[in-house]
Amino acid sequence: MSSQSVRLIIQDRYVVMDNGILQVTLSKPDGIVTKIQYNGIDNLLEVLDEEVNRGYWDLVWSEAGSVGTTGTFDVIKGTKFKVRVENEEQVEISFTRKWNPSQKGEVVPLNIDKRFIMLRNSSGFYSYAIYEHLKEWPPFNLPQTRIVFKLRKEKFHYMAIADNRQRYMPLPDDRSSERSQALAYPEAVLLVDPIEPEFKGEVDDKYEYSCENQNLHVHGWVCMDPPVGFWQITPSDEFRSGGPLKQNLTSHVGPYCLAMFLSAHYSGEDLVLKLKPDEPWKKVFGPVFIYLNSASDVTDPSPLWDDAKKQMMTEVESWPYKFPASKDYPPPDQRGNVKGRIQILDRYVSKDRIPGNGAYVGLAPPGDAGSWQRDCKGYQFWTRADEKGYYSIENIREGDYNLYAWCPGFIGDYRYDATISITAGCDIDVDDIVYEPPRDGPTLWEIGIPDRSAAEFYVPDPNPMYINKLYVNHPDRFRQYGLWERYQELYPDEDLIYSIGTSDYTKDWFFAQVPRKKDDETYQGTTWQIKFQLKHFSESVTLKLRIALATANIAELQIRINDSKADPPLFTTGVIGKDNTIARHGIHGLYWLYNINIPGTLLVEGANTLFLTQTMSTRPLAPFHGLMYDYIRLEGPSSSSSSTT
C-alpha cells in the first residue's frame with residue numbers, strides 16, 4: 001500500500017484523483033469516469049468506447065401519468081464542478097446539475113449532485129449522489145437509476161457474483177447478429193459462432209446473473225494479465241428500493257459492472273418511483289466502493305475474489321462511513337438503533353409462542369403491512385432475527401418508520417401498529433412483538449413451503465439447445481433460459497394434476513403456471529387440478545384456502561371447486577402483476593397472498609377437485625404470462641373434525 005497523500009489535479013477538461021495506488025480521471029464538469037489507472041494498466045475502462053460510455057451515473061425518467069417501466073434514458077452530466085474536500089487524507093469532488101423551469105419536458109426535474117471520494121492508502125474510490133425534487137417542480141416518474149462501468153473487453157474475461165456463481169464469460173462481439181441467434185427477447189441470445197469456441201451453443205442473458213439485494217454486496221470482474229480485480233462493493237441496502245428480496249442486475253457481458261439503486265426488474269411498474277404534484281423528495285444513493293486488487297498468480301482468480309469478499313466485510317463494518325462531506329449523508333452519531341424480539345403465535349402449530357427464528361425484521365416508510373416491497377422513495381433497514389427471535393437494527397437514519405416483519409415458514413406480513421420515530425443517538429427497545437399469521441383452522445393439506453419462493457417446486461432440466469454451463473447441476477437451476485417451454489413438453493396432452501397424499505411437490509408441481517402452446521402457434525390458458533379427499537364432512541362448514549404467490553406477470557388466477565366450468569368462478573385475482581420473473585430466470589418477484597372462503601355446499605364427502613386456471617395468454621408476450629406459487633394450504637374449520645385421507 002502507498003503512503004502517498006491524496007492529490008487532486010485539476011485540468012481544463014479533466015480532474016484526476018491520485019493516491020499513489022490508483023489514478024481516477026473524470027471529465028469536467030460532466031463527472032464521467034473516463035480513465036482508471038492501476039497496477040500498470042493505463043486504463044481499466046473500455047478505451048474503444050467514447051469517454052461518456054465508460055463510467056457514469058444514469059437514469060430513466062418519464063412524464064407524470066406515463067405507464068410502464070420505460071422512458072427517456074439520461075447519462076447524468078454535471079454542469080458545475082466543485083472541490084468539497086482536499087487534504088492529504090481525502091479528496092471529495094462534486095459534479096452538480098441544477099434544474100430550472102425552462103427545461104420542463106426536456107430534462108428530469110431533479111437537482112443532482114454526484115460525488116466521488118478517494119482516501120489515502122485506499123485501493124479504490126467511492127461514489128454517491130444526492131437527488132432532490134422541490135415541491136413546486138413538475139411531478140414525474142423515475143423507473144431506474146444506477147452506476148455503470150464498462151471495462152476493457154480484451155482484459156476482463158472472468159466474472160464473479162458469488163462463491164458458486166462465477167465463470168469465464170463470452171465477449172460482447174459474440175452477441176452480434178453475425179455470431180449469435182436472437183431468442184425470445186433482446187437480452188437473450190444463443191451463441192452460434194463465438195470467438196472462443198468453448199461458448200458455442202450457450203445462451204447469454206444478463207438476467208441469468210441477477211441477485212437479491214440481501215446477497216448483492218460484492219461482484220465484478222478479473223483480468224488475468226496482469227492479475228487485477230475490479231469490484232463493485234455495496235456495503236448497505238438502505239438506499240435500494242424494494243427491500244431485501246428485490247432482485248437487481250449485477251455484472252454481465254460487456255464487460256459491464258453495475259450498481260443498481262432503483263429498478264423495476266422483477267416487480268414491474270409497482271417499483272417505478274412516481275412523484276405526485278406538490279411532493280418534495282430527496283434521497284442519497286450510495287456511497288458504493290469501487291475496489292481494485294491484484295495478485296501474483298496469473299492462473300487462478302479465486303484469491304482476488306476472496307480478497308474482494310474480505311474488503312466487502314471491511315466496508316460493511318465501516319458503515320455508515322464518517323468521511324462523506326454532504327450534510328445529506330448522516331454519520332454514525334446522527335443515526336439511531338432499534339432492537340426487540342419477534343415471536344410467532346399460530347395455535348394450530350403450537351399453543352405456545354414460537355421464536356421468530358430467521359424472521360426478516362425491518363424499518364421502512366409508513367404504510368400497510370407488506371408495503372415495503374413496493375417502496376422506492378424512502379430508506380429501508382433490515383436484519384434477520386436469531387434463533388430465539390431477537391433482532392437489532394442499527395444505524396437508522398432519522399425519520400418516521402413502520403416496523404415490518406415476515407418469517408419463513410409462515411404466511412403473511414406483520415406491521416407494528418405504532419410509528420417509530422428515529423432521532424440521533426436513540427436506542428429504542430420495541431420489546432416483544434407477536435405475529436399471528438392468517439389462520440382459521442387446522443391444516444387439511446398444504447403444498448410447498450411458505451418462503452416467498454417457488455424454488456422448492458419442480459424445476460426442469462433446460463432444453464439441451466439452450467444451456468448456460470454455470471447452472472448445470474447448480475442450486476439455482478431455475479436461472480436457465482427457456483424453462484417455461486418445458487411445461488408443454490412435460491404435459492403435452494393435459495394439464496398438471498396433483499393428488500394430495502400421493503403427489504410430491506418437489507417432483508409433481510411445475511415451478512410456474514404458464515400458457516400452453518398449441519399446434520397453430522397460439523397459446524391458451526392452463527387449468528391445474530388439486531385432488532383431495534374429505535371425510536367426516538358437513539356442508540354447513542366453510543373451509544379457508546390460502547394461496548401465496550411468489551410472482552405474477554399479466555396473470556389472472558381463477559379458483560373453482562368440483563366444477564371446472566363454473567361461471568363465475570368462486571374467486572379470481574383479476575389481472576395482476578408485471579414482474580416478468582418467468583422470462584428473467586427469477587424464482588420470485590412480488591409476493592401476493594389470497595385468503596378464499598370455500599362454502600361447504602361446493603364440497604362433497606370423499607373426492608374433491610380444486611381447479612386453478614391461469615387465463616391470460618395474449619401474444620406476443622403469451623409465453624411469459626403466468627405465475628409462480630409460493631404455498632397453498634386448505635384449512636378446516638376450527639370446530640370440525642374434517643380431515644384428509
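Residues numbered from 1 in each chain as written. Predicted model: local features only at pLDDT ≥ 70, side-chain atom pairs only at ≥ 80, totals over all residues. Heavy atoms only, no water.

Per an unreviewed UniProt entry, the protein chain carries the name rhamnogalacturonan endolyase and comes from Malus domestica. Checking UniProt for the protein chain, the heading Catalytic activity (unreviewed entry) contains the comment "Endotype eliminative cleavage of L-alpha-rhamnopyranosyl-(1->4)-alpha-D-galactopyranosyluronic acid bonds of rhamnogalacturonan I domains in ramified hairy regions of pectin leaving L-rhamnopyranose at the reducing end and 4-deoxy-4,5-unsaturated D-galactopyranosyluronic acid at the non-reducing end." Under the Subcellular location (unreviewed entry) heading, UniProt states for the protein chain: "Secreted". (UniProt positions renumbered as here; feature names shortened; annotations may be inferred.)

**Overview of the overall build of the protein chain**
The number of helices and strands found in the protein chain is 3 helices and 43 strands. The C-alpha radius of gyration of the protein chain comes to 26 Å, within 12% of the 26 Å expected for a compact globule of 645 residues. Oriented by its inertia axes, the alpha-carbon framework of the protein chain measures out at about 85 × 60 × 55 Å. The 645 residues of the protein chain split such that 59% are buried. Look at the contacts in the protein chain between residues 6 or more apart in sequence, and 70% of them connect residues 24 or more apart. Here the protein chain has roughly 25400 Å² of accessible surface; of this, 47% comes from carbon and sulfur atoms. Mean positive and mean negative side-chain charge positions of the protein chain (69 and 88 charges, respectively) differ by 3 Å. (Helix = DSSP H or I, 4+ residues; strand = E, 2+ residues; numbered from the N terminus. Rg over C-alpha atoms; globule rule 2.2 N^0.38 Å. Buried < 20%, exposed > 50% of the residue type's maximum accessible area, 1.4 Å probe, protein only. Contact = heavy atoms within 4.5 Å. Areas by Shrake-Rupley, 256 points an atom, 1.4 Å probe, with all protein chains shown as cover. Lys, Arg positive; Asp, Glu negative; His and termini not counted. Charge placed at Lys NZ, Arg CZ, Asp CG, Glu CD.)

**Some remarks on the UniProt feature "domain: Rhamnogalacturonan lyase" (unreviewed entry) in the protein chain**
On the UniProt side, "domain: Rhamnogalacturonan lyase" (unreviewed entry) is annotated at positions that read residues 357–429 and 443–634 here. The straight-line gap between the two end C-alpha atoms of residues 357–429 is 19 Å; of that span, 0% is helix and 44% is strand.

**Some points on the domain arrangement of the protein chain**
Each assigned domain of the protein chain is listed here: domain 1 (7–155 + 225–318), domain 2 (332–435) and domain 3 (443–635). Placing a centre on the C-alpha atoms of domain 2 and another on those of domain 3 gives a separation of 31 Å. Taken together, the contact between domain 2 and domain 3 spans 11 residues of the former and 10 residues of the latter. A combined buried area of about 940 Å² lies between domain 2 and domain 3, and 55% of that area is made up of carbon and sulfur atoms. Linking domain 2 with domain 3 are 1 salt bridge. Of the charged contacts, one joins Asp 413 and Arg 452 as a salt bridge, the two residues approaching to 3.0 Å between their closest N and O atoms. (Domains from an automatic or database assignment. Buried area = accessible area lost by both parts, 1.4 Å probe. Salt bridge = Lys/Arg side-chain N within 4 Å of Asp/Glu carboxyl O.)

**Description of the sheet that holds strand E19 (residues 227–233)**
With respect to topology, 9 strands assemble into an open sheet ordered E7-E8-E9-E10-E24-E19-E18-E12-E13, the strand pairing being antiparallel. Each of the sheet's edge strands pairs with one partner strand only, and the pair in question is strand E7 (80–86) and strand E13 (165–168). Looking at each pair of strands side by side, their axes are set apart by 15° on average, direction ignored. Where strand E12 (residues 156–162) lies against strand E18 (residues 218–224), 4 bridges are found, and the strand directions are antiparallel. (Pairing = 2+ DSSP bridges. Axes fitted to C-alpha atoms, helices over the stretch in contact; angles between N-to-C directions.)

**As for the sheet that holds strand E15 (residues 189–191)**
Hydrogen bonds between backbone groups are what pair the strands of a sheet, and the pairing can be parallel or antiparallel. Taking strand neighbours across the sheet as the criterion, the 3 strands line up as E14-E15-E16 in an open arrangement whose pairing is antiparallel. Each having just a single partner strand, strand E14 (180–182) and strand E16 (203–204) make up the two edges of the open sheet. Bridge analysis of E14 against E15 gives 3 bridges, and the strand direction is antiparallel. Counterpart to Ser 180 in the pairing with E15 is Leu 191.

**Quick word on the packing of aromatic side chains**
The relation between two aromatic rings is expressed through the spacing of the ring centres and the mutual angle of the planes. Within the structure shown, the criterion is met by 45 aromatic pairs. Seen in terms of ring centroids, Phe 95 and Phe 116 are 5.9 Å apart; in terms of plane orientation they differ by 75°. Their pairing is edge-to-face. Of this pair, Phe 95 sits in strand E8 (residues 90–97) while Phe 116 sits in strand E9 (residues 111–119), and the two are 21 residues apart along the sequence. Relative accessible area serves as the criterion here: at 1%, Phe 95 is assigned to the buried category. (Phe/Tyr/Trp six-rings, centres within 6.5 Å; stacked < 30°, edge-to-face > 60°.)

**With respect to the side chain of Lys 246**
By the element assignment, Lys 246 lies in the loop between E19 and strand E20 (247–248). Despite its burial, Lys 246 remains without a salt bridge, the nearest opposite charge being carried by Asp 579 at 9.8 Å. Engagement of the side chain of Lys 246 in a polar contact is seen with the side chain of Ser 263, the distance being 2.9 Å. Dropping the residues within four chain positions of it, Lys 246 is found in contact with Cys 211, Glu 212, Asn 213, Ser 241, Ser 263, His 265, Ser 267 and Leu 271. (Polar contact = N/O pair within 3.5 Å; in protein donor to acceptor, adjacent residues only side chain to side chain.)

**Thoughts on the nonpolar core**
Judged by nonpolar contacts, the single largest core of 112 residues is most densely connected at Met 17, Ile 36, Ile 93, Tyr 131, Phe 149, Phe 230 and Leu 403. Counting residues per element, this core draws most heavily on strand E24 (residues 281–294), at 8 residues. Residue-level mapping places this core at the junction of two domains, with at least three residues from each of domain 1 (7–155 + 225–318) and domain 2 (332–435). Here Phe 149 is in contact with Val 33, Ile 36, Leu 45, Arg 54, Gly 55, Phe 125, Phe 230, Pro 255, Tyr 256, Cys 257 and Ile 290, once residues within four sequence places are set aside. Listed in part, the 60 residues of the second largest apolar core include Tyr 498, Phe 532, Phe 537 and Leu 557. (Core = buried A, V, L, I, M, F, W, Y, C linked by side-chain atoms within 4.5 Å.)

**Regarding helix H1 (residues 302–318)**
An ideal rise of 1.5 Å per residue puts 24 Å on 17 residues; H1 measures up with 24 Å between its terminal C-alpha atoms. Next to the buried residues of H1 lie strand E10 (124–133), E12, E13, E18, E19 and E24. (Expected span 1.5 Å × (residues − 1).)

**Looking at the pairing of strand E41 (residues 592–599)**
Residue alternation in E41 divides its side chains into a buried set, Trp 592, Tyr 594, Ile 596 and Ile 598, and an unburied set, Leu 593, Asn 595, Asn 597 and Pro 599. Here strand E39 (residues 542–561) runs beside E41; their pairing, made up of 8 bridges, is antiparallel. From the neighbouring strand, Ile 547 faces E41, where its bridge partner is Tyr 594.

**Some details on unusual backbone geometry**
Between Gly 286 and the following residue, Pro 287, the backbone shows a cis peptide bond with an omega angle of 5°. Residue Pro 620 is bonded to the preceding Arg 619 through a cis peptide linkage, with omega at 5°. With respect to the helices and strands, the residue Pro 620 is situated in the loop between strand E42 (606–614) and strand E43 (626–635). We note that Asp 278 has phi near 65°; this positive angle belongs to a residue other than glycine. Its place among the elements puts Asp 278 in the loop between strand E23 (273–274) and E24. Judged by its relative accessible area of 53%, Asp 278 is exposed. One non-glycine residue, Arg 452, lies in positive phi territory at about 70°. Positionally, Arg 452 belongs in the loop between strand E34 (443–448) and helix H2 (486–490).

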